[in-house]
Amino acid sequence: MSLLPPSTQVVIIGAGQAGLSVAYFLRRFELEPGVDFVVVDRGPGTGGAWQHRWSALTLGSAHRVADLPGMTELGLSFETADHHRPARDIVAEYYRAYEQHFGLQVKRPVEVMSVFNRGADLVVNARTPDEHDDDYREEIVTRLVVNASGTWQAPFVPYVPGIGDFRGRQVHTNGYVSAEEFRDQSVVVVGGGTSAIGFMLELEPVASDLTWVTRRPVEFADDERLSMEGGVRAVTEQDAAARAGRPLPSIVHGTGVAKTRRIAAGIERGLLVARPMFSRIEPEGVRWADGSFQRADAIIWATGFRPELRHLAPLRLHNRGGGVTVRNGAAQADPRIFLAGYGPQASTIGANRAGRAVARQVVAALS
């Protein structure tokens, strides 16, 4: 039995913050969920990428999670949620209630494999569950696509000479499960964001040895004003890159890292003191340009993500510089493709604000 309808006017790919925000406003603009627009999501459950986060990441230690538009109707808010519970559990619960309350009819698990042209229409080819065929495919013919696939499935690991020779374990943020997996091991954590710092704090009681490495010095924000200024700068840089079609810069590079009491204590006791990036990886560890060496059983790459756009490859949206030129939420190379949660919209607050703007443009394109 087919999970997807044969056709619709709009397909939203991804039911995370950005996708649900766009869906909410399309519904407000009187488009009917499941008929006029269809939301598909790869995850087995609600919560977007949050459902895949590690259990030790609490709502209090994660980046601020903004409420979805209209969430007040449900009497829910992440501001008043239990900040000691795993973030993945709370976000999944709230998103589940949100989808049900607004009748968004998200189809899952649906993995979009490609989007391509068929005459004047777009075709979304997706893998959907089938007990007799692990690669069962369905297609939806649509006029417009809102891509809100995020970044979780596109981890970035920088190339370092010798990376393939390392005999220990290499794990990216999206493969991290728990600190217990690294008990009594010598671990090198690479990255200058909150995930890397969180790993250092979680691993401290269990690892035999910890080394923190960053590609550039970490700027710690001592007060809210500095954080707000950094946020404005980061959004401006992201927007400029998206408009110019350049690869997107790091968010953390623009915002800095808020120095909470827990982080400040880690700095004081010498845990959160970063070394510069090593120059090569050897079978038993990492070596710096000055010749110093650190033995390692594992390297954790908390080096961020890139936008997940592989399924849009048939449309050839990328320019020669390797980026996608996005203006007012739409791809310049194909204005039928809207990118929600891309560039300056990547934060939870940015995704919310963009939801209304993208939805308005979608409705205008349909009229």
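Use the structure listed above.
Anyway, here's the lowdown on the structure attached to this text. Everything quoted here is computed from the prediction, not taken from an experiment. (Residues numbered from 1 in each chain as written. Predicted model: local features only at pLDDT ≥ 70, side-chain atom pairs only at ≥ 80, totals over all residues. Heavy atoms only, no water.)

## Details of the sheet that holds strand β12 (residues 275-276)
The strand order across the open sheet formed by five strands is β7-β16-β8-β9-β12, and the pairing between neighbours is parallel. Edge positions in the sheet fall to β7 (169-172) and β12, since each has one partner strand and no second. Pairing analysis gives five bridges linking strand β8 (residues 186-190) to strand β9 (residues 209-214), with the strands arranged parallel. Among the inter-strand pairings, S186 is bridged to a residue of β9, identified as D209. Across the sheet, helix α3 (residues 194-203) lies against β8, β9 and β16 (298-301), angled at about 170 degrees from β9, the strand it touches most. (Pairing = 2+ DSSP bridges. Helix = DSSP H or I, 4+ residues; strand = E, 2+ residues; numbered from the N terminus. Contact = heavy atoms within 4.5 Å. Axes fitted to C-alpha atoms, helices over the stretch in contact; angles between N-to-C directions.)

## Quick word on the pattern of salt bridges
Applying the stated criterion across every chain, the model contains 17 salt bridges. For R108, the salt bridge identified is with D41, shortest N-O distance 3.9 Å. Taken together, the residues R108 in the loop between α2 (87-101) and β3 (111-118) and D41 in the loop between β2 (37-40) and α2 connect sequence positions 67 residues apart. For E308, the salt bridge is made with R42, and the minimal N-O distance between the two is 2.6 Å. A residue pair is termed long-range when its members are at least 10 positions apart, and E308 in the loop between β16 and β17 (326-327) and R42 in the loop between β2 and α2 qualify at 266 residues. Residue classification places E308 among the buried residues on the basis of a relative accessible area of 6%. R42 gets classed as partly exposed once you look at its relative accessible area, which sits at 30%. Look at the salt bridges and you will find they share partners, linking E111, R127, D135 and R137 into a network. (Salt bridge = Lys/Arg side-chain N within 4 Å of Asp/Glu carboxyl O. Buried < 20%, exposed > 50% of the residue type's maximum accessible area, 1.4 Å probe, protein only.)

## Comments concerning helix α1 (residues 17-28)
With twelve residues, α1 extends 17 Å between its outermost C-alpha atoms, agreeing within 8% with the 16 Å of an ideal straight helix rising 1.5 Å per residue. With ten of twelve residues buried, α1 lies mostly within the body of the structure. Within the sequence span of α1, burial applies to Q17, A18, G19, L20, S21, V22, A23, Y24, F25 and L26. Of the residues trailing α1, E30 is marked for its positive phi of about 75 degrees. (Expected span 1.5 Å × (residues − 1).)

## Concerning the sheet that holds strand β13 (residues 280-282)
The three strands are arranged β13-β14-β15 in an open sheet whose pairing can be described as antiparallel. A single partner strand is all that each edge strand has here, and the edge strands are β13 and β15 (293-295). On average, adjacent strands in this sheet sit at an angle of 20 degrees to one another, irrespective of strand direction.

## Things to note about helix α6 (residues 261-268)
Helical periodicity: at 3.6 residues per turn, an α-helix aligns residues three or four positions apart in one direction. Along α6, the residues classified as buried are I263, A264 and G266. Buried residues along α6 cover an arc of 160 degrees about the axis, so they all sit on one side. Residues of α6 that are exposed and angled more than 90 degrees away from the buried face: R261 and E268. (Arc of directions from axis to C-beta.)

## Let's talk about the packing of aromatic side chains
Under the criterion given, the structure shown has 13 aromatic pairs. Judged by centre distance (6.3 Å) and plane angle (65 degrees), the ring pair of F278 and W301 falls under edge-to-face. Taken together, the residues span a long stretch of sequence, with F278 in the loop between β12 and β13 and W301 in strand β16 at a distance of 23 residues. Residue classification places F278 among the buried residues on the basis of a relative accessible area of 4%. Exposure remark for W301: the relative accessible area of 2% places this residue in the buried category. Linked through ring pairs, Y24, F25, Y98 and F102 together constitute an aromatic cluster. Sitting over the face of the ring of W50, R53 holds its NZ or CZ atom 4.8 Å from the ring centroid. Here the guanidinium or amino end of R275 rests over the ring plane of W288, the centre of that ring lying 3.6 Å away. (Phe/Tyr/Trp six-rings, centres within 6.5 Å; stacked < 30°, edge-to-face > 60°. Lys NZ or Arg CZ within 6 Å of the ring centre and 35° of its normal.)

Everything listed is a geometric property; what it means functionally is a separate question.
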